[in-house]
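Listed here are the chains, written in short residue letters.
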Amino acid sequence: MAEVTVIGGGVGGMACALLLAVRGHEVRLYERASRLGGKLAEHRRDGFTFSLGPSLLTMPELFRGLGLERELIEPELLCRYRFADGTVLDARRDQERMAAEVERLAPGEGRAWRAFHGWARGCLRAANRTAFAGPLIRQPGEARLSDLLAVAPTRTLDGLARHYFRDPRLRQYVGRYATYAGSNPYRAPAALGCVPALEHGQGIWYAPGGLARLADDLALLLKAAGVQVHLSEPVAAVEADGSRVTGVRLASGERVPSAVVVANTDAAALYARLLPDRRRLRRIARLGLSSSALLVLAGVEGRTPGLPHHSVLFSADYEREFADIFDRGSPPLDPSVYIGCSAVDDPSQAPPGSENWTMLVNVPARHPRRWPIRVEAYRDLVLERLAERGHDLAGRLRFADVFTPADLRDRYGAWGGAIYGSAYRGRSSSFLRPGNRGPRRGLYLVGGSVHPGGGLPMVVLGARIVAGLVARDFEGGTR
């Protein structure tokens, strides 16, 4: 068995450390912050609790497979979508009820939604056999032809939506799934359209007390498995001798020998600072940054009748919104707004009779100093857009704190403040994402900036992939 050093205590790093420790490896984990969990974090103020990262959990069996036994809650709706014309689509997990809801919104499109969902299930099955099961496939030709065809490789996500739906509102609904990967639906691959198969097949879930409790659970499992966790201990460099890693050097100057190093860091940060590699850094730069986010964390007095746990208020011009973000580098003046209010299902998240509104707007991954509008003014613009779309919080706001791309960059070392590292840009971009094996023997990458992508289930799948690679490379006398 090998000595393993994990850099970074995000969910991917924690899951990988746990899986390797259970297999008998001696594992050390170094986290530069004072807590574990990475983006699975929260902000508390005056009795209100807000998620700073994931607001929902899909594929909960992945966490149960790590040993987590926490009870989860399933919200009544997957999400309420409100379009610019005032119409509403209530997305329900039950597929027949969802088809009926689509038919109510757009007569004649219920059958189209069934066909779209059938395609999404096929795409997900192909992903489970390929991208979710193992290392990144470097070339499309390496995949089985049937699996490659199942992901509609010649289409963008918007192209997929246009193939199935005539109604522009339903195309906008499908395009929203690109934002799960910080990408532009007019350029992102159609494969991102498999997400509805997860949501309608396995549901979306919430952990009472907040999703950050999952990080607390993982921390306890790490302790039980014997992982040595070092908090407030940044790593300065990955050290290598010729073709293999030899360990890491801490910011304190201490050298920690290790045959295996797992980097749960932004891939760009790894190749720019920890193990400089200009060629790989240029390759990542060519992919371009994913979007970032501006969060407005609002303590709201009173209860809003009928407010669901999750809702999205769409902009009037979706294509212009993404052009602003990715082409003009400017926060959109007519943004779509996600609203998460966990107090709907968990009263502990807000004082009695109040609500905790986490509002998320997709923005460019660049420092707000470079925006043409000040952060405070943009926060006020977001609140104005909410009022125009039926959610006027005037007179109800106790406070409205903001969390910006600069906060993402400073807290997590995120490249430019991007949420997911590189964007999915182009039909074959899934094959260009940084892989899980590094350029030195014993170096592995895990987390939202590398294969298979960002989000809670994806980083746990990535941890399983890396644990399998380490087993193949360092167990059974293969060292």
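Residues numbered from 1 in each chain as written. Predicted model: local features only at pLDDT ≥ 70, side-chain atom pairs only at ≥ 80, totals over all residues. Heavy atoms only, no water.

**Focus on the overall build of the protein**
Stated formally: Comment: elements are numbered from the N terminus, with helices defined as DSSP H or I runs of at least four residues and strands as E runs of at least two. Radius of gyration: C-alpha atoms only; globule rule: 2.2 Å multiplied by the number of residues to the exponent 0.38. Working definition: with a 1.4 Å probe on protein chains only, accessible area under 20% of the residue-type maximum means buried, over 50% means exposed, and in between means partly exposed. By the convention used here, residues are in contact when the closest approach between their heavy atoms is within 4.5 Å. Areas reported as accessible are Shrake-Rupley estimates using a 1.4 Å probe. Residue values count occlusion only from the protein chains shown.
In terms of regular secondary structure, the protein is built from 15 helices and 17 strands. Against the compact-globule benchmark of 23 Å for 479 residues, the protein has a radius of gyration of 22 Å, which places it among compact chains. When the 479 residues of the protein are sorted by exposure, 59% land in the buried category. For the protein, the proportion of contacts with a sequence separation of at least 24, taken over those separated by at least 6, is 72%. Total accessible area on the protein is roughly 19,100 Å²; 49% of this is exposed by carbon and sulfur atoms.

**A word on the side chain of Asp167**
For Asp167, the location among the structural elements is in the loop between helix H6 (157–164) and helix H7 (168–175). Setting aside residues no more than four positions away along its own chain, Asp167 makes contact with Ala106 and Glu109.

**Things to note about a positive patch on the surface**
The cut-off we apply is this: Any residue with relative accessible area above 30% and no salt bridge may belong to a patch, with like charges joined within 9 Å and the nonpolar Val, Leu, Ile, Met, Phe, Trp and Tyr side chains within 5 Å. Between Lys or Arg on one side and Asp or Glu on the other, a salt bridge is scored when a side-chain nitrogen of the former is within 4 Å of a carboxyl oxygen of the latter. Two residue types count as positive, namely Lys and Arg, and two as negative, namely Asp and Glu; His and chain ends fall outside the count. Note on charges: their place is set at NZ of Lys, CZ of Arg, CG of Asp or CD of Glu.
Among the surface-exposed residues, Arg278, Arg279, Arg282, Arg283 and Arg286 lie close enough to one another that they form a single positively charged patch. Mapped onto the secondary structure, Arg283 falls in helix H11 (residues 278–287).

**Remarks on the packing of aromatic side chains**
Basically, it comes down to this: Two aromatic rings from Phe, Tyr or Trp, using only the six-membered ring of Trp, form a pair when their centres are within 6.5 Å; if the ring planes differ by under 30 degrees the pair is stacked, by over 60 it is edge-to-face, and anything between is tilted.
The full count for this structure, using the stated rule, is 14 aromatic pairs. Between Tyr173 and Tyr177, the ring centres sit 5.8 Å apart and the planes meet at 75°, which makes this aromatic pair edge-to-face. Tyr173 sits in the buried class, given a relative accessible area of 0%. For Tyr177, a relative accessible area of 1% puts it in the buried group. With a centroid separation of 5.4 Å and 85° between ring planes, the pair formed by Phe314 and Tyr318 is classed as edge-to-face. Comparing Phe314 with Tyr318 shows no difference in burial state: the two are buried.

**Observations concerning the nonpolar core**
Short version of the rule: Buried Ala, Val, Leu, Ile, Met, Phe, Trp, Tyr and Cys residues that are joined via side-chain atoms within 4.5 Å together make up what is termed a nonpolar core.
Among the nonpolar cores identified, the biggest contains 95 residues, and Phe63, Tyr81, Leu89, Tyr173 and Val262 are the most heavily contacted of them. At 12 residues, helix H15 (residues 456–474) tops the list of elements feeding residues into this core. Residues in contact with Phe63, not counting those within four places in the same chain, are Val11, Leu57, Leu68, Leu214, Leu218, Leu456 and Val460. Phe50, Met359, Ala400 and Leu408 belong to the second largest nonpolar core, which has 38 residues in total.

**Details of the sheet that holds strand S8 (residues 235–241)**
Counted only if it meets this: Two strands make a pair as long as DSSP finds a minimum of two bridges between them. Here an angle of 0 to 180 degrees is reported between the N-to-C directions of two axes, which are lines fitted to C-alpha atoms, with helices fitted over the stretch in contact.
As summarised here, the arrangement of the three strands in space is S8-S9-S10, forming an open sheet in which the pairing is antiparallel. Both outer strands of the open sheet, S8 and strand S10 (255–257), are each paired with one neighbouring strand and no more. Sheet twist, expressed as the mean angle between neighbouring strand axes with direction ignored, is 30°. Here six bridges tie S8 to strand S9 (residues 244–250), and the two strands are oriented antiparallel to one another. Among the inter-strand pairings, Ala237 is bridged to a residue of S9, identified as Arg249.

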